[in-house]
Structure formats: structure tokens, C-alpha cells
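Take a look at the letters that make up each chain.
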Amino acid sequence: VWHSTDKYRKVIWQCNHKFKENKCSTPSLTEDDIKERFVGVINTLIADKEAVLDACRLMQSTLTDCSEIDTELDGLLQEIEVVTEMTKHCIEENAQNAQDQNAYMEQYNGLVSRYDQLREQVNRLQEMKIVREREADSIGAFMFELKEYDEPISEFDEKLWVYCVDRVVVHADGKL
């Protein structure tokens, strides 16, 4: 905030490296300029609302289709069950029969390693599915909000900003 205590008060957005040793070349923007540009973009979307909503529906259905992930998860979970049973069998075999302990430990450690790898894959796929579902929900919220607007907006709407914007990247030429 520049001139925070007087009548010339202005909110400015700028890179944290703007005035450091390796100066950032992106321009500073006033909050009013950002809001004005946002209103312009939203009005462009409202003008072509049906096409935007159709594109959003397509993106949302693509993101919510997790059938490939689910198929892969099912296969991994079945494989985990097999490895778990093999590990139990390995332990029981060692408990009941005298074995070379080096060979036993090598087999056991191999099974544990395989189990850990499978769990990592399952966790990665589950996280990927959660991210997709969140993105689909976010698109749904944006679509719901956009449907509410039939006419161009004349002023900045913070609620609409929250639904529409994930991040803003400012380029050196001032483009957002």
C-alpha cells in the first residue's frame, strides 16, 4: 500500500523481487487496474456464456472420468493382497521349518519392498483422483456462478473473482 495514511492511498501489486539485487522486470499494477481487467474478461465470458459453459462441461466430464485410475487401483489392490498373503506364507514357513535365514530375509525383504512400492503407487493414484475431483468441483462452482450472470457486469465482484481465478501471472509486457 502506497501512501497508506493519506488521501493518495493506492494498493499496488508487484513482485517481491522488484527492488532486490536481481530486479524483476514485471510491471507494478494497481489493484484497480487488475479489477478493471478482470471485469473485461468476465464480460467477454458472459457474452459467449453458452460456449464457455459447453467447454466447461467437457472439461468437467473429462476430469471426473476416473475409470482408468479406478481400474489401475483395483489391479494394484489385488496385487497388494497377493503380496500380503505371500508375506504371511513366507513368515509361517520360516516359523515352522528351519531355513537359511539369509535366504528368508532376502525373500521377506523383497516382498516388503514390493508391498511398499505398490502402496506408493496406490497413494499416488488416489491423490491424482482427489485432485481431479477437486478440479471438477471447482469448474462446477465456476459454471454455477457464471450461469447467474446474463448481463455484463459494471464493477468488480469479489465472489466471482474467487470462483474464477486460481492465480494471475504478470508478464514483463504487462499482459496478465
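Everything numeric in this text was worked out from a predicted model, so none of it was measured. (Residues numbered from 1 in each chain as written. Predicted model: local features only at pLDDT ≥ 70, side-chain atom pairs only at ≥ 80, totals over all residues. Heavy atoms only, no water.)

Caption draft 1: Representation of the pattern of salt bridges in the model. Taken as a whole and judged by the stated rule, the model has 9 salt bridges. A salt bridge links Lys88 to Glu85, with the shortest nitrogen-to-oxygen separation between them at 3.7 Å. With Lys88 and Glu85 both in helix H3 (residues 67–96) and 3 residues apart, this pair spans about one turn of that helix. Residue classification places Glu85 among the partly exposed positions, given a relative accessible area of 48%. The salt bridge involving Asp166 is made with Arg167; its shortest N-O contact spans 3.0 Å. Residues Asp166 and Arg167 agree in their burial class; the two are exposed. (Salt bridge = Lys/Arg side-chain N within 4 Å of Asp/Glu carboxyl O. Helix = DSSP H or I, 4+ residues; strand = E, 2+ residues; numbered from the N terminus. Buried < 20%, exposed > 50% of the residue type's maximum accessible area, 1.4 Å probe, protein only.)

Caption draft 2: Local environment of the packing of aromatic side chains. In this structure the tally under the stated criterion is 4 aromatic pairs. Between Phe156 and Trp161, the ring centres sit 5.8 Å apart and the planes meet at 55°, which makes this aromatic pair tilted. The exposure class of Trp161 is partly exposed, given its relative accessible area of 23%. (Phe/Tyr/Trp six-rings, centres within 6.5 Å; stacked < 30°, edge-to-face > 60°.)

Caption draft 3: Geometry of unusual backbone geometry. For His3, which is not glycine, the phi dihedral falls at a positive 55°. In this fold, His3 is placed in the segment before strand E1 (12–13).

Caption draft 4: Region of the structure containing H3. Between the first and last C-alpha of H3 there are 43 Å, a value that for 30 residues agrees with the 44 Å anticipated at 1.5 Å per step. Those residues of H3 that fall on the buried side of the exposure criterion are Ile69, Leu73, Leu76, Ile80, Val83, Thr87, Cys90 and Asn94. (Expected span 1.5 Å × (residues − 1).)

Caption draft 5: Inspection of the environment of Leu176 at higher detail. For Leu176, the position within the fold is in the segment after helix H5 (158–164). As for Leu176 and Phe38, which are separated by 138 residues in sequence, their C-alpha atoms are 9.6 Å apart. Not counting residues up to four positions away in its chain, the partners in contact with Leu176 are Leu29, Arg37, Val168, Val169 and Val170. (Contact = heavy atoms within 4.5 Å.)

Caption draft 6: Fine view of the packing of H3 against helix H4 (residues 101–147). The interhelical angle for the contact between H3 and H4, taken along N-to-C directions, is 160°, at an axis separation of 9 Å. Comparing the axis directions of H3 and H4 gives the class roughly antiparallel. As H3 runs across H4, the sense of the crossing is left-handed. Of the residues in the contact of H3 with H4, the class split is 17 nonpolar, 7 polar and 8 charged. (Axes fitted to C-alpha atoms, helices over the stretch in contact; angles between N-to-C directions. Parallel < 35°, antiparallel > 145°, perpendicular 65-115°, else oblique. Left-handed = near helix turned anticlockwise from the far one by under 90°. Nonpolar A, V, L, I, M, F, W, Y, C, P; charged D, E, K, R; others polar.)

Caption draft 7: The confidence of the model for the protein, seen in detail. Residues at a pLDDT of 70 or more form 100% of the protein, whose mean pLDDT is 91. Ranking the elements of the protein by mean pLDDT puts E1 last with 86 and H3 first with 95. (pLDDT = per-residue confidence, 0-100.)

Caption draft 8: Molecular detail of the nonpolar core. One finds Ile42, Ile46, Cys56, Leu146, Ile153 and Leu160 to be the most contacted residues of the largest nonpolar core, which totals 16 residues. Contributions of two or more residues to this core are made by helix H1 (31–47), helix H2 (49–64) and H4. It is H4 that contributes the most residues to this core, 5 residues altogether. With sequence-adjacent residues up to four places away left out, Cys56 is seen in contact with Ile139, Phe142 and Met143. Ranked by size, the runner-up nonpolar core spans 12 residues in total, among them Ile69, Leu76, Ile80 and Leu118. (Core = buried A, V, L, I, M, F, W, Y, C linked by side-chain atoms within 4.5 Å.)

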